[in-house]
Structure formats: structure tokens, C-alpha cells
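So the chains spell out like this:
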Amino acid sequence: MLVVGLTGGIGAGKSTAAGRFGELGAVVIDVDAIGREVLAPGGRAEQGVIDAFGPEILDDHGRIDRAKVAAQVFGRPDRLAALEAVSHPAINAELDRRLQRLAEEGQAQVVVLDMAVLAESRLGQLESGRGYTCVVVVEAAEHIRLPRLIERGLTAEQARARMASQATDGQRRALADHVIVNDGSPQELVADVDRVWAALTEGSPARARG
Ligand code: ADP
């Protein structure tokens, strides 16, 4: 079972690429969604985050309000580090559980971890050895990402701030086994994902079968 870390800057087309990998037969795990789950009531990181940030991040029902957490950490590396010190081990533990189950089931040939945060931290790197062993990066120039993000409801200012808070293209590229440049049409993106899929599944069959 090959585990692929799929990442890209916001608006680059990572989720669209993940969807195509899914159509081609990959099991796609939405790591950003696991990040939301661990903060939900009863989630693995709920109490740790409340302990670290205090009651001001709770909503009227006593649940973690992710927007309040985001407001506390945005542009404050020390607070972001405090959040990640609790949330990332929790996300990795859940990821490990899911990957172990998939490995035991023996059906998945390729698992794609759809994760915005890869180059920035140890997310997806698991002590069990079950984490990603291959990185695919989706990239697009900022002037192409900006209108996509505005279409999605962000202001230009918000979009620029989000892009600036993430790893740079260079940092992601340094980790990449495959780079998909998504500055053309959606059809070109699909063709590029298909090309990478062929390399992942045919180019190194022993690795892909695990
Ligand atoms: P990410 O997950 O990297 O933030 P998405 O895959 O959600 O990015 O893509 C951002 C937006 O851009 C989406 O609305 C998507 O449909 C659109 N998009 C992605 N690739 C292309 C492309 N090649 N041409 C036009 N629009 C695209």
C-alpha cells in the first residue's frame, strides 16, 4: 500500500486533484477534515486545546469554536505552535488508526492524504512507519490562485494573507516526488493527475503494492 501526501498552497487545486485520484481508484483521506474532527466534542484534541487556550475559544454550547481558535493563532507563531502541539499528535494518531485498518483490509493499493499542511510540520509522518512515503505537490502561481479564491468567497486581502501564512512553493517543491503545475485548464489538471497516477501505480509496482 503506497501512502501519498498530496499538498499545495490554498487555491492551487489540491482538492480537485484529490478528487481525480479518488476517481482513479485511490482511497483519499481528508486530513483537514480529521483536523476538524479532533476538535469536535469528544475529539482526541478537544480537552487539550481547551486547556491550552481557555474558555474564550468556546461557543455558547461549550464546544470549541474553530473560528475563535483561528483568530487566536493567525499571525502568532507561538500560539499556532501551542495549538499544533496538541492537535497534530491527535491528527496523526487518528490517521495511523485509519491507515492501519486500510492496511489490514488489504484492498487499497494507493492511499492519498489530502493535506494543506505538509511542508510546515510533521503531520502525516508517523512513528509506526505507516505515514506518507511519497509527496505530490499541486502548484499554481499566486496570480492564478487569487481569482479562484475570490470566486470561493474570500476577499483578495484574506486570500493573500492565507497564502502568505503557508509554506512557499519552494519549500513544498523541495519535498516533492511529483509536481503538478495547475496553471492551465481543469482538463490539463486531470491529464497531469492521470500521468502521476500512472507513475505511482505502474512506474514502481513493487512500491505501490507495498
Ligand atoms: P485547494 O484545495 O488547493 O485549495 P481547489 O482544488 O479547491 O484548491 O481549487 C480552488 C478552486 O479553483 C476551486 O473552485 C476549483 O474548482 C478551481 N480550480 C482548480 N483547478 C482549476 C483550473 N485548472 N482551472 C480553473 N479552476 C480551477
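Our structure's up above, just so we're on the same page.
Cut-offs applied
- Residues numbered from 1 in each chain as written.
- Predicted model: local features only at pLDDT ≥ 70, side-chain atom pairs only at ≥ 80, totals over all residues.
- Heavy atoms only, no water.
- Core = buried A, V, L, I, M, F, W, Y, C linked by side-chain atoms within 4.5 Å.
- Buried < 20%, exposed > 50% of the residue type's maximum accessible area, 1.4 Å probe, protein only.
- Helix = DSSP H or I, 4+ residues; strand = E, 2+ residues; numbered from the N terminus.
- Near = heavy atom within 4 Å.
- Polar contact = N/O pair within 3.5 Å; in protein donor to acceptor, adjacent residues only side chain to side chain.
- Nonpolar A, V, L, I, M, F, W, Y, C, P; charged D, E, K, R; others polar.
- Salt bridge = Lys/Arg side-chain N within 4 Å of Asp/Glu carboxyl O.
- Pairing = 2+ DSSP bridges.
- Axes fitted to C-alpha atoms, helices over the stretch in contact; angles between N-to-C directions.

Colleague: Lay out the nonpolar core in plain terms, naming residues and giving numbers.
Modeller: The biggest cluster of nonpolar side chains holds 30 residues, and the ones touching the most others in it are Ile 29, Val 31, Val 49, Leu 99, Val 111 and Leu 113. For this core, the secondary-structure elements that each account for two or more residues are helix 2 (31-37), helix 3 (46-53), helix 4 (66-73), helix 5 (77-105), strand 3 (110-114) and strand 4 (134-139). For this core, the leading source of residues is helix 5, giving six residues. Judged by nonpolar contacts, the second largest core, of 19 residues, contains Leu 2, Ala 12, Ala 17 and Ala 26.

Colleague: Describe the site of the ligand, and please don't skip the residues or the numbers.
Modeller: Near the ligand, the surroundings consist of 14 residues, among which Lys 14, Ser 15, Thr 16, Arg 152 and Asn 182 are the closest. The backbone of Gly 13 places a nitrogen or oxygen atom 2.9 Å from an oxygen atom of the ligand. Measuring from a nitrogen atom of the ligand, one finds a backbone N or O atom of Gly 184 at 3.0 Å. Here the shell around the ligand is composed, by residue class, of three nonpolar, eight polar and three charged.

Colleague: Please set out the pattern of salt bridges residue by residue, giving values where relevant.
Modeller: Taken as a whole and assessed by the stated rule, the structure comprises twelve salt bridges. In this structure, the salt-bridge partner of Arg 20 is Asp 194, at a minimum N-O distance of 2.8 Å. On the criterion of sequence distance, the pair formed by Arg 20 in helix 1 (residues 14-24) and Asp 194 in helix 9 (residues 186-203) is long-range, its members being 174 residues apart. Overlapping salt bridges, with partners in common, bring together Glu 37, Arg 44, Glu 94, Arg 97 and Arg 98 in one network.

Colleague: Now, about the sheet that holds strand 5 (residues 178-181): what can you tell me, with residues and values included?
Modeller: The strands making up a sheet associate through hydrogen bonds between their backbones, and the pairing can be parallel or antiparallel. Read from one edge to the other, the open sheet built from five strands follows the order 2-3-1-4-5, with strand pairing classed as parallel. Edge positions in the open sheet fall to strand 2 (27-30) and strand 5, since each of these has one partner strand only. Neighbour to neighbour, the strand axes of the sheet diverge by 20° on average, direction disregarded. As paired strands, strand 1 (residues 2-8) and strand 3 are joined by five bridges and run parallel to one another. Note that in strand 3 the partner of Val 4 across the bridge is Val 112.

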